[in-house]
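# Descriptive analysis of the structure
Listed below are the residues making up each chain.
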2 protein chains.
Amino acid sequence: MFWSKSFIPTLKENPQEAESISHKLLLRAGLVRMLMAGVYSYLPLGLKVLENIQEIIREEMNACGANELLLPALQPLELWQKTGRDKDLGQVMFGFKDRRGRSICLGPTHEEAITDLVKSQVSSYRQLPLVLYQIQTKFRDEIRPRFGLIRCCEFIMKDAYSFDQDEAGLDKNYQAMFGAYKNIFLRLGLKILITEADSGVMGGKVSHEFMVPSQDGEDIVLSCPSCSIARTFKEEESQECPKCKAKMDKLNCIEVGHIFKLGTKYSQAMQANFSDAGGKLKPIIMGCYGIGVSRLVSAVIEQNNDSEGIIWPAEVAPFDVIILPLDVTDAAIMNSAKDIYRQVIDTGKEALLDDRDERAGIKFKDADLLGIPLQVIIGRNAVKDNVVEIKLRASKEKIICPKEQALEKIKSLTSGSALR
Amino acid sequence: MFWSKSFIPTLKENPQEAESISHKLLLRAGLVRMLMAGVYSYLPLGLKVLENIQEIIREEMNACGANELLLPALQPLELWQKTGRDKDLGQVMFGFKDRRGRSICLGPTHEEAITDLVKSQVSSYRQLPLVLYQIQTKFRDEIRPRFGLIRCCEFIMKDAYSFDQDEAGLDKNYQAMFGAYKNIFLRLGLKILITEADSGVMGGKVSHEFMVPSQDGEDIVLSCPSCSIARTFKEEESQECPKCKAKMDKLNCIEVGHIFKLGTKYSQAMQANFSDAGGKLKPIIMGCYGIGVSRLVSAVIEQNNDSEGIIWPAEVAPFDVIILPLDVTDAAIMNSAKDIYRQVIDTGKEALLDDRDERAGIKFKDADLLGIPLQVIIGRNAVKDNVVEIKLRASKEKIICPKEQALEKIKSLTSGSALR
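Calculation criteria
Residues numbered from 1 in each chain as written. Chains lettered and ligands numbered in written order. Predicted model: local features only at pLDDT ≥ 70, side-chain atom pairs only at ≥ 80, totals over all residues. Heavy atoms only, no water. Helix = DSSP H or I, 4+ residues; strand = E, 2+ residues; numbered from the N terminus. Buried < 20%, exposed > 50% of the residue type's maximum accessible area, 1.4 Å probe, protein only. Contact = heavy atoms within 4.5 Å. Areas by Shrake-Rupley, 256 points an atom, 1.4 Å probe, with all protein chains shown as cover. Lys, Arg positive; Asp, Glu negative; His and termini not counted. Charge placed at Lys NZ, Arg CZ, Asp CG, Glu CD. Pairing = 2+ DSSP bridges. Axes fitted to C-alpha atoms, helices over the stretch in contact; angles between N-to-C directions. Core = buried A, V, L, I, M, F, W, Y, C linked by side-chain atoms within 4.5 Å. Polar contact = N/O pair within 3.5 Å; in protein donor to acceptor, adjacent residues only side chain to side chain. Buried area = accessible area lost by both parts, 1.4 Å probe. Salt bridge = Lys/Arg side-chain N within 4 Å of Asp/Glu carboxyl O. Nonpolar A, V, L, I, M, F, W, Y, C, P; charged D, E, K, R; others polar. 1 Å grid on protein atoms, 1.4 Å probe; cavity = no way out; pocket = protein on both sides within 12 Å on 5 of 7 lines; lining within 4 Å. Points joined across faces, edges and corners; volume = space filled by probe spheres on them. Least-squares fit on C-alpha atoms with pLDDT ≥ 70 in both. Parallel < 35°, antiparallel > 145°, perpendicular 65-115°, else oblique. Phe/Tyr/Trp six-rings, centres within 6.5 Å; stacked < 30°, edge-to-face > 60°. Lys NZ or Arg CZ within 6 Å of the ring centre and 35° of its normal.

This part covers the overall build of chain A. Across its full length, chain A holds twelve helices and 23 strands. Dimensions along the principal axes, computed over C-alpha positions, put chain A at roughly 80 × 60 × 45 Å. Counting the 420 residues in chain A, one finds 58% classified as buried. Here the analysis covers contacts within chain A between residues at least 6 apart in sequence; of these, 67% occur between residues at least 24 apart. For chain A, the exposed surface amounts to about 17,000 Å²; the carbon and sulfur share of it is 47%. Charged side chains of chain A number 55 positive and 57 negative; the gap between the two group centres comes to 1 Å.

See the structure below:
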C-alpha cells in the first residue's frame, strides 16, 4: 500500500476529547473516527487491526472444533420474553416497532437467538456436542459510552456457545475454550489476569473473566503477588489472598473475555431439549464464551505503547513493514524504496510505503505513531553507500545493512519471535 | 471439515414458506434459517459462501485502488436531515431514541456518513482522488420482505464511494468500478444484463444497474436480442430497441449492483469542500457504487442449479471437494476416505468429509443438494479394486481412477476452468 493512495489521517496533537492512552492513539494514528458518542468508524488501518484480531480468534476457535455462523442483529422481542431477559437487559436494549407493528430489538447478546436456532435443528444426543460461534456486531444503549472502543453503543464481539448432553461434556468444552482464550490473548501480546467471577444476568454458576490490567480500566481486580490468584473486587471484600493470606494488589482492568457454564437456564426456558440414548427428553446443557473484539484493539494499545505511539505485537500490526523514502523527489531513493517494497510484498508480507512529500522528521514521527514493527529507512547517504537502515519499533534498535541483504534481514526479523 | 462435527442441517422436503428456487435451496441445503420475516441467520455453509463472495469483491475493489473501511450501523438522524433524505427514505428507515434522547437511525445506506467523514479529513486537492468502500450490514424496514435473501430487512452490502476534484476524475473512477463489477459478476458465475437506469433517491444523473435474469426477479428489464442493449422497463415504455428497432425481450431480473455518478448532491448539502490548486473552495465530486452481497447468494443459486440442487461456481463453493465414504463402519473405506481428505487439505483446498452413518442414497442426494463441485465416492468395490470414483457435480460426469492418482486428478479438476 502506498500512503498517498490510502486513507491514514494521522494527527499531530492529542485530541481534546480523548480520555485514555488508547483513545488518544486510536485517533492520532488514524485508526478510528467518532460518528457520535459511543459509535465509531474504523478507518483502513483500524479495520486491518480488527481483522488481524478476528483472524487469530477464528483460528483458535476452529482449532477447538467450533463452527462459525452469523446471527442477525434484529431480533423479535418475544424471544427475550421467553427467558425474562427483556426485563433484565431492558435498559441497555435498543428497541422499536417496525412498520408492520412487530416489536424488535437490536441484539445486545445472542443466547436467546442461538438457543432458538439449535432447538429447531437438534433433537437427538447423536447431534451433540455442538459448538457454534460468530463474530458479530452488538448494540447496547450505554448511558455513558467512553474511552474510545472500550465502552461503545455499537461494538464487535465473538460469542461462542456449546451444547452438550451432560456436565462432563460441558466441562470438556469449557476447558477447551479456556485454553483457546489463553492462546488468543498470548498471540495478541496481552498480559492478562483470569478471575473467577459473578455470572450476573447470564445465569449459571461457574464463570471466568479475562482481564487486561490497564490504568484506565473500569473493572477492579484483586491479584495476589505471591500465588497469582485473581478475583473481581467487590466493595465489601477483604484484601487478603484466600489461598496464601498475602495482601492482594488492586488493579484497574479492562474485561476482554468472559466464559460461563450456563447449564440449562436457556434450554429450559425455551424448551431446547434432546432425546438421550435411552429416548428420554432432557434439556441441552449450555456454555457461552464471549470476547470483546473491538474493545481488544484498545486493550492491545493500552499495553503496547510508549511516548512516541503504538507498538503493535507482530500478529496484530496493520502492516509488517513501513518503508520510508526520505526524499520522494529523488529518483534513486524512490526506486530503491519501491524495489524493497516489491520484494517484501512478493514474500507475502504486508508493507506500507510512505510516498508522501513530507519532511523526514514528519515521516519518522508518523512511523513511530503508527507502530508498525519494522521501519526501513532510505535516505540519500543510504543510496550513495548502497545500504538501508532497518529500525525495530519496539526496541528502537537500528541495523544498517547492504541493500542486497535487506530482504533476508527483513524476513528473519518478521518471522516469529524476533519482534515480540 | 467432518460433517458429523459441523452444523449442516439439510432438509429432504421443500419448505412450505419458500417462494423461489433459491429460497428453497438456501433452506434445504442448510445455508440459512429464518429468525423472523426478512431476517436470516447464516449457518456455517451459508457463511462460507458469503465470505467467498466477499473475498472476490474485496480483491476487485482493492485492484482498482479502493480502500476498505467500516462505518457504523447506528447513525444520528440529524446527519440525514442535512440532505433531506430523512424524508425520502423515512419509511424504510428504522429509527428510535436512545436513553439520552438522541434520535438514532439504522443506516439503510451510507452516503451521509461517508461524506461527513471525508469532509472532516479532506481539505485539499492533494488528498484527491480517494475511493473508499465497506462490506457492511444495512437495515431497511421492508413492508414485504420475501424470496429468502433477495428482499430482507437486514442484509449485507458492499458500498464504495469515490471522491474527485473534477468530472474527468469521476469518469475515470466510474469506469474503473464498471470494469471491476463486470469482473466480479463473471467470477461469481453470473450472466448479467447492464442497464442505464434511474438514479432515484440517490441523486445524480448517470447510473447503471447490474441485473441477474431470473424467473423470480422483482425488476423487469427490456433486453434487445440483436444488439444486446438493455434498459429498465417502465410502464409507459415501448418495447422497441432504441438502437436497432428490434422487439425487445421482457425479462424478470434481480438487481445485484447499482453505480451512480452522484456529482455534488451530498458534498453541497453537507459542505464537503476542497481547495483546488488555485486555492479556490469547491464541492467534492462524488460517485457511489453498491453491490447486494447477501442477495448475491440467492442470485448465484437462481442461475446455478438443477432439479437435484445447487451447482456452485468454483470460486463461490463452500468446499472444493466432498468425500463420500459409503459405509462408515468399514475401516478400509474410512481409512481410504481420510487419506484422500488429508491429501486434499494439504494442497490448500477445502474438503468436507461426509462421515455420517447414513445410507449411500442419502449421501448422494445431500451431496447433489449441497452443490460442491467435486464428489469423491469411496465404496466397497472401490476399496477392493483400489480405485475411487470422482463425480463432477455440474456435468454429472464420472471418472474412475486408481487411488494413487486421485489427488492429481482432483488437483487438475479444481484448478481453474475445468469446473466453470
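Let us now look at the sheet that holds strand β22 (residues 387-392) of chain B. Residue and element names in this part refer to chain B. Strand order in the open sheet formed by five strands is β20-β19-β21-β22-β23, and the pairing between neighbours is mixed. Two strands bound the open sheet, and with one partner strand each, they are β20 (351-353) and β23 (398-402). On average, each strand axis in the sheet is tilted by 25° relative to the strand beside it, whichever way the strands run. Here five bridges tie β22 to β23, and the two strands are oriented antiparallel to one another. Among the inter-strand pairings, I390 is bridged to a residue of β23, identified as I399.

Turning our attention to the nonpolar core. Generally speaking, soluble globular proteins have nonpolar side chains that are buried together. Judged by nonpolar contacts, the single largest core of 80 residues is most densely connected at L74(A), L106(A), F163(A), L74(B), L106(B) and F163(B). When residues no more than four places from it in sequence are discounted, the contact partners of L74(B) are L35(A), M36(A), V39(A), F94(A), L106(A), F139(A), C153(A), E154(A), F96(B), I104(B), C105(B) and L106(B).

Attention shifts here to the environment of R393(B). Residue and element names in this part refer to chain B. Tracing the backbone through its elements, the reader meets R393 in the loop between β22 and β23. Look at R393 and you get buried, because its relative accessible area is 1%. Each C-alpha atom of the pair R393 and C224 lies 33 Å from the other, and the pair is 169 residues apart in sequence. Dropping the residues within four chain positions of it, R393 is found in contact with D306, E308, G309, I310, I311, A367, D368, G371, I372, P373 and Q375. Engagement of the side chain of R393 in a polar contact is seen with the side chain of D306, the distance being 2.7 Å.

Another aspect to go through is the interface of chain B and chain A. When the parts come together, some accessible area is lost, and that loss is often what is quoted as the size of the interface. Taken together, the contact pairs 55 residues of chain B with 55 residues of chain A. Three residues stand out in chain B for area buried against chain A, namely F7(B), L35(B) and R99(B), and they jointly supply 16% of the buried area on that side. Our count for the chain B to chain A interface comes out at two salt bridges. We note a salt bridge from E51(A) to R58(B), for which the minimum N-O separation is 4.0 Å. Scanning the region where chain B abuts chain A turns up 16 residue pairs in polar contact (both at pLDDT 80 or more). Residue composition of the side of chain B that touches chain A, by class: 34 nonpolar, eight polar and 13 charged.

Moving on, we come to unusual backbone geometry. Residue and element names in this part refer to chain A. P129 follows L128 through a cis peptide bond whose omega is -5°. Take P129: it is sitting in the loop between α5 (111-121) and β7 (130-139). Residue K245 is not a glycine yet carries a positive backbone phi of 70°. Locating K245 in the fold gives a position in the loop between β12 (230-232) and β13 (249-263).

Residues and elements named next belong to chain B. For the structure shown, the criterion picks out three cavities of 30 Å³ or more. Taken as a whole, the second largest cavity holds about 40 Å³ of empty space. If you go around the second largest cavity, the residues you meet are I150, R151, E218, D219, C253, I254, E255 and R295.

Once that is clear, we can look at the relation of the copies chain B and chain A. Placing chain B over chain A gives an RMSD of 0.0 Å and needs a rotation angle of 180°, together with 0.0 Å of translation along the axis. Overall, the copies show the geometry of a two-fold rotation axis. No C-alpha of chain B lies nearer the rotation axis than that of F96(B), which sits 3.1 Å from it.

A word on the pairing of strand β8 (residues 154-164) of chain B. Residue and element names in this part refer to chain B. Here β8 lies mainly inside the structure; eleven of its eleven residues are buried. Of the two faces of β8, the one lined by E154, I156, K158, A160, S162 and D164 and the one lined by F155, M157, D159, Y161 and F163 are each fully buried. Pairing analysis gives ten bridges linking strand β7 (residues 130-139) to β8, with the strands arranged antiparallel. Looking at the pairing, L130 lines up with F163 of β8. Two strands pair when backbone bridges link them, and β8 and strand β16 (residues 285-292) are joined in this way by eight bridges, in the antiparallel orientation. Bridging across to β16, A160 finds its partner in Y289.

Enumeration over the complete set of coordinates arrives at 56 salt bridges over all chains. The salt bridge involving E218(A) is made with R146(A); its shortest N-O contact spans 3.8 Å. Of this pair, E218(A) sits in the loop between β10 (207-213) and β11 (219-223) while R146(A) sits in the loop between β7 and β8 (154-164), placing them 72 residues apart in sequence. Residue class for E218(A) comes out partly exposed when judged on its relative accessible area of 33%. Note that R187(B) is salt-bridged to E60(B), the shortest N-O span being 2.8 Å. Taken together, the residues span a long stretch of sequence, with R187(B) in helix α6 (residues 167-187) and E60(B) in helix α2 (residues 44-63) at a distance of 127 residues. Classification of R187(B) as partly exposed rests on a relative accessible area of 21%. With relative accessibility at 12%, the residue E60(B) sits in the buried group.

Moving on: the sheet that holds strand β5 (residues 94-97) of chain A. Residue and element names in this part refer to chain A. The strand order β4-β6-β5 describes an open sheet built from three strands, whose pairing is antiparallel. Of all the strands in the sheet, just β4 (74-76) and β5 have a single pairing partner and so form its edges. Between one strand axis and the next, the sheet turns by 35° as a mean value, whatever way the strands run. Where β5 meets strand β6 (residues 103-106), four bridges bridge the pair, whose relative direction is antiparallel. Considered in β6, the bridge of F94 is made with L106.

To continue, consider the packing of helix α1 (residues 21-28) of chain B against helix α8 (residues 293-303) of chain B. All names here are of chain B. For the pair α1 and α8, interaxial distance at closest approach is 8 Å and the crossing angle is 105°. As summarised for this structure, α1 and α8 are arranged roughly perpendicular, according to the angle between their axes. Across the interface between the two elements, I21, S22, L25 and L26 from α1 touch V297, S298, I301 and E302 from α8. For the contact of α1 with α8, a count of residues per class yields five nonpolar, two polar and one charged.

Applying the stated rule across the entire model yields 15 aromatic pairs over all chains. Here F2(A) and Y341(A) contribute two aromatic rings whose centre-to-centre distance is 5.1 Å and whose plane-to-plane angle is 85°, an arrangement assigned as edge-to-face. Residue F2(A) is located in the segment before α1 (21-28), and its partner Y341(A) is located in helix α9 (residues 331-346); the two are separated by 339 residues in the primary sequence. Judged by its relative accessible area of 12%, Y341(A) is buried. Ring-pair connections join several aromatic residues into one group, and the members of that group are F94(A), F96(A), F94(B) and F96(B). Over the aromatic face of F233(A) sits the side chain of K250(A), whose NZ or CZ is 4.5 Å from the ring centroid. The side chain of K261(A) reaches across the aromatic face of Y174(A), ending 5.2 Å from its centre.

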